[in-house]
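Single-letter residue listing:
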Amino acid sequence: MTDWLEKHVPKLVLAPSLIAIFVFVYGFIGWTAYVSFTKSRLLPKYDLVGPIQYEKLANSPRWEVALTNLAIFGILFILFAMVIGLILAILLDQKIRTEGPLRTIYLYPMALSFIVTGTAWKWILNPGLGIESVFRDMGFENFTFDWLVNPDLAIYTVVIAGVWQSSGFVMALFLAGLRSVDGEIIRAAMVDGISTPRIYMSIIIPSMAPIFLSSFIVLSHLAIKSFDLVIALTGGGPGYATDLPATFMYAMAFSRGDIGQAASSATVMMMIVTAIIVPYLYSELRPRHD
Amino acid sequence: MTDLSLNDAQMDERASRNRLMKRVALRLGLYVLLILFALYYLMPLFVMVVTSLKSLDEIRTGSLLSLPREIDFSSWGKAWSSACTGIQCEGLRPYFWNSVMLSIPAVAISTLLGAINGYVLAQWRFKGSNILFALMLFGCFIPFQVVLLPMAITLGALKIAGTIPGLMLVHIVYGIGFTTLFFRNFYVTIPVELVKAAKVDGAGFFRIFFSIFLPVSPPIIVVTVIWQFTQIWNDFLFGVSFSQAGTQPITVALNNIVNATTGVKEYNVDMAAAIIAALPTLLVYVVAGKYFIRGLTAGSVKG
Amino acid sequence: MSNALKKEMTSPSAEQHILSVENLDKSFGSVKILKDINVAIEPGDFLVLVGPSGCGKSTLLNCIAGLEKATGGDIRIGGRSMNGVSPKDRDIAMVFQSYALYPTMTVGKNITFGMKVRGVPEAEQQRKLNEVATLLQIEHLLDRKPSQLSGGQRQRVAMGRALVRDPQLFLFDEPLSNLDAKLRVEMRTEIKRLHQTLGASIVYVTHDQIEAMTLATKIVVMKDGIIQQVGTPNEIYNQPANMFVADFMGSPSMNLIPAQVEKVGGTAKISITRPDMDDIVLDFDREIKGLTDTRKSVILGLRPENITDSANQHITKGQVADCRVDVVEPAGSDTFVVTNLGGKQVTARLNADAQITAGETANFAFDLSKASVFEPESGARIA
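Only a predicted model underlies this, so the values are computations on that prediction, with no experimental measurement involved.

A. Main features of the overall build of chain B. A count of helical and extended segments in chain B gives 14 helices and zero strands. Starting at the N terminus and ending at the C terminus, chain B contains elements arranged as α-α-α-α-α-α-α-α-α-α-α-α-α-α. Here chain B has a C-alpha radius of gyration of 27 Å; the compact-globule value for 303 residues is 19 Å, and the former is much larger. Once the C-alpha set of chain B is aligned to its principal axes, its extents read approximately 90 × 70 × 35 Å. Across the 303 residues in chain B, those meeting the buried criterion constitute 49%. Partitioning the intrachain contacts of chain B with sequence separation of at least 6 by distance along the chain shows that 76% fall at a separation of at least 24.

B. Structural view of the overall build of chain C. The helix and strand tally for chain C stands at nine helices and 20 strands. Within chain C, the fraction of its 383 residues that count as buried is 41%. Within chain C, contacts between residues separated by at least 24 positions form 65% of all contacts whose residues are at least 6 apart in sequence.

C. Region of the structure containing the packing of helix α5 (residues 129–141) of chain B against helix α7 (residues 164–187) of chain B. Residues and elements named next belong to chain B. Here α5 crosses α7 at 125°, and the two axes come no closer than 7 Å. Between α5 and α7, the angle is such that the two are oblique. Here α5 runs over α7; the crossing is left-handed. Between α5 and α7, the residues in contact are Phe-133, Met-136, Leu-137, Gly-139 and Cys-140 and Tyr-174, Ile-176, Gly-177, Phe-178, Thr-180, Leu-181 and Arg-184, respectively. For the contact of α5 with α7, a count of residues per class yields eight nonpolar, three polar and one charged.

D. Here's a closer look at the sheet that holds strand β10 (residues 226–231) of chain C. All names here are of chain C. Taken in spatial order, the six strands make up an open sheet running β6-β7-β8-β3-β9-β10, and their pairing is mixed. The outermost strands of the open sheet, each flanked by one partner alone, are β6 (92–95) and β10. Direction aside, neighbouring strands of the sheet carry axes that sit 15° apart on average. Here strand β3 (residues 46–50) pairs with strand β8 (residues 202–206) via five bridges, running parallel. Opposite Leu-49, over in β8, you have Val-205 as the bridge partner.

E. Up close: unusual backbone geometry. All names here are of chain C. Cis geometry is adopted by the peptide bond preceding Pro-252, which originates at Ser-251 and carries an omega value of -5°. Note on placement: Pro-252 falls in the loop between α9 (243–248) and β11 (255–264). The residue Asp-91 is not glycine, and still its phi comes out positive at about 60°. Positionally, Asp-91 belongs in the loop between β5 (80–81) and β6. At Glu-174, a residue that is not glycine, the phi angle is positive and equals roughly 45°. Considering the arrangement of structural elements, one finds Glu-174 in the loop between β7 (169–173) and α6 (181–198).

F. Inspection of the sheet that holds β11(C) at higher detail. Residue and element names in this part refer to chain C. On the basis of which strands lie adjacent, the open sheet formed by five strands has the order β13-β12-β11-β14-β20 and antiparallel pairing. Every other strand in the sheet has two partners, leaving β13 (277–284) and β20 (372–374) as the edge strands with one partner each. In this sheet, neighbouring strand axes are inclined to one another by 40° on average, regardless of whether the strands run parallel or antiparallel. Alignment of strand β12 (residues 267–274) against β13, held across six bridges, turns out to be antiparallel. Directly across from Ser-271, in β13, lies its bridge partner Val-281.

G. Region of the structure containing the interface of chain A and chain B. Taken together, the contact pairs 78 residues of chain A with 71 residues of chain B. If you tally residues by element for the side of chain A that touches chain B, the top one is helix α1 (residues 2–35) of chain A, at 16 residues. Here the side of chain A that touches chain B is composed, by residue class, of 59 nonpolar, 13 polar and six charged.

H. Region of the structure containing the arrangement of the chains. Counting contacts across all two pairs of chains that touch, the top pair turns out to be chains A and B. Left apart from each other, chain A and chain C have a closest C-alpha approach of 9 Å.

I. Geometry of the domain arrangement of chain B. Residue and element names in this part refer to chain B. When its domains are assigned, chain B resolves into domain 1 (2–72) and domain 2 (83–298). Each of domain 1 and domain 2 has a C-alpha centre, and the two are 39 Å apart. Listed as interface residues are seven residues of domain 1 and, on the opposing side, seven residues of domain 2. Of all the elements in the fold, those that place two or more residues in the side of domain 1 that touches domain 2 are α1 (8–53) and α2 (56–61). The leading source of residues in the side of domain 1 that touches domain 2 is α1, at four residues. Residue composition of the side of domain 1 that touches domain 2, by class: four nonpolar, two polar and one charged.

J. Region of interest: the UniProt feature "domain: ABC transporter" (unreviewed entry) in chain C. The feature "domain: ABC transporter" (unreviewed entry), as given by UniProt, occupies residues 19–249 of chain C in the numbering adopted here. Between the end C-alpha atoms of residues 19–249 of chain C there is a gap of 25 Å, over a span that is 37% helix and 26% strand.

K. Examining the pairing of β3(C) more closely. All names here are of chain C. Counted residue by residue, β3 has five buried out of five residues, so it is predominantly covered. Burial along β3 is two-sided: Phe-46, Val-48 and Val-50 and Leu-47 and Leu-49, pointing in opposite directions, are all buried. Across four bridges, β3 lies against strand β9 (residues 218–223) in parallel orientation. Each residue of the ladder has a partner; that of Val-48, found in β9, is Ile-219.

Thresholds, definitions, all that
- Residues numbered from 1 in each chain as written.
- Chains lettered and ligands numbered in written order.
- Predicted model: local features only at pLDDT ≥ 70, side-chain atom pairs only at ≥ 80, totals over all residues.
- Helix = DSSP H or I, 4+ residues; strand = E, 2+ residues; numbered from the N terminus.
- Rg over C-alpha atoms; globule rule 2.2 N^0.38 Å.
- Buried ≥ 20, exposed ≤ 12 C-beta atoms within 10 Å, placed from the backbone.
- Contact = placed C-beta atoms within 7 Å.
- Axes fitted to C-alpha atoms, helices over the stretch in contact; angles between N-to-C directions.
- Parallel < 35°, antiparallel > 145°, perpendicular 65-115°, else oblique.
- Left-handed = near helix turned anticlockwise from the far one by under 90°.
- Nonpolar A, V, L, I, M, F, W, Y, C, P; charged D, E, K, R; others polar.
- Pairing = 2+ DSSP bridges.
- Domains from an automatic or database assignment.
- UniProt positions renumbered as here; feature names shortened; annotations may be inferred.

Right under this line is the structure:
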């Protein structure tokens, strides 16, 4: 008995967490996926009726807006955060004497809640007293910057705030990557008389492919989960102009009382994330030969 | 024309001076660029702080970026103790304490579980343990929308819906993946021979954990605690989904203050409230930035 | 019935063995790491397991320690079967390659940790600690943390941790491979001295054949989970069981020269090709297994020291031949010369002051009294 116990202690210790994960992650995903095939409205129903919720979703203009917004937001957010992050990392990598303080400044937004970020940018971008009035005071009388309340442009304000918050993080990743490039290769290139920009373009940046991948994964994951930022910045509005799948799902679940739509939209989100994360995790955790 | 009369030494000198000038200009440009970026990142914080110190009158008449004519702390007091989050007007104070009471136990429990899980997954592997780790890790990445509905039902069934312990449970469960990842990646860097030596010395599973692994863990404990604290403090989705009037965390209360529709819009109070909500995590970042960054990067890159 | 009889016959001898490994198998899934391993040592033996990395030597050691479970067979320590016995109850102590010192404990705590776990009284712990510290000359280090020690000091502490245990059997897993070359030689001597003064029984794993030769009373050469040869250092060096052992043990390694052999009038004649000259023909006066009158391809194994310049007086029954010198490598105490024989590079070991120039032809003496002959296909020794 004690032998058995001794042998299985590691598994027993792991068991509670594993059970929790199996129930609260996989069990719940299963539940949501199951319910997305029922007629559930205000209360969950458990009779499978086929993909009617998905058909309804496909015909919903609001969902279409949410998906379009996700595409716009996702692409611009990832692109700008990566470009700015990479530029900052390269600039900081030039033996800058004040690197420490600068890095601290670039990265602090990451410590903030998206609600705080959203609140701050909502104030800065408000058309009455924000940036718009700053420029008007400077003499640009006709300057207008009303993206926040313009249904066609409001989603871009989410991009602005999102990039502001996350680009420093990308910088930190890239900077770590730049620092881990083998110094000998760089010295060899310098001895060969290759210029600094050239060294970055042809040697350093290509060697950071894994970091591009990691940043892409993290940023796309942030984009899909984006919820708080939209709520705090635009509340999904004007109307539902800045809805993302995450806010759509929340609205269906908690304000519209449409469990079927909430479950099916959540399942779609889950599938998008899975398509991105699973190959990544697989490549990261694949057993390597020792 | 005059160039022709210059001798070699002079030409060399001129060339090197040109090179020097070019280098200085380049460095200067570099620093200007870096400082512009710094201003871009600091601007919102600056705006928040100055706005919170202005009176409403000055906000309406003055500029967004100007310093306050006279410093007025009253909006801070209001944000802390009397701003309205809806029908209640008690400021952020009760919600601040809600967040404190929520995050401390949740951070402690999820860190502890992560430590012991990481220890097993790094040093006591068994058949299938890598797959179990991958499954746990995947749990970190799911969009939490997919668990909101069943979680709401489960919390209801457990009779902890809308309570702080209920919210705590949610944070612990969905924090385990990351905490396990942190500890596991830390413990795999410790040679397996250490466990072997201790086994030969006669120590068992728990003794090895408590006398050998835990004492080397402070760096990763700090990283994990900071990460979990930031995550839980800044969370909004779980807070807004699983709390009710008296038990809301600070992020939800902040959002309610900002979006309160009654009365005059008090931007200075909004900004003061936002800063108060951000203060604990900002403080952690300033004090232990190194560990904060390590957590961020560890969460995305395999150690 | 026959099984019981077998047991009866083997057990008395097993009792004299401090360690016996019987028909040990170990596999990970479908991969066989160890195949039918049989080794035994007597008290006071210094057994070295040697082989290239991945040959299974560390796995074998871990099985002996109980840190890995064998798939089949038995391990006995002090005559007692270790089946299902946990490492702490095997009466062993182990020294690891990375030293595996507990990083947060002082040197003293590291050494006494095992005794503390086993509940040895405090006074006894201190007495043993002092005894071992004196023996290893680490008294002044007892309050330091492992991170404050040099590599050699860590190595001593790791040995101290094993010595306080006073076990039946010591296990060493490549203990010197993390040290620099000079320290490695010093610690090697130290370990040898400890073995001699304590008379301890030791199983020692290394991939370094020089360590194996200098330390062992008995060597096991392994490859791909199979024992290639068991013997004293002398046997292993002079009568390697196959081409693998011949090539692996000794530095520079043994020359393995393709050759032809035939019986001419009762004695074996070995002929070796050389570029631009006739074949060298050497007499071989020992029996070659399976040799008939027909010409046969073999591999002649000749250590560098058995090929030397003909002026060398150590060679008594040398047979001489001219060879072209390709490369000359002075090494201080000796000069190594590379020539081409049988289509392969062959190294000869000459006196340091040998007058010889690359590109010229020189007269070499071949001492075949210590040569080995191998079957080319199987690699097995046939003489």
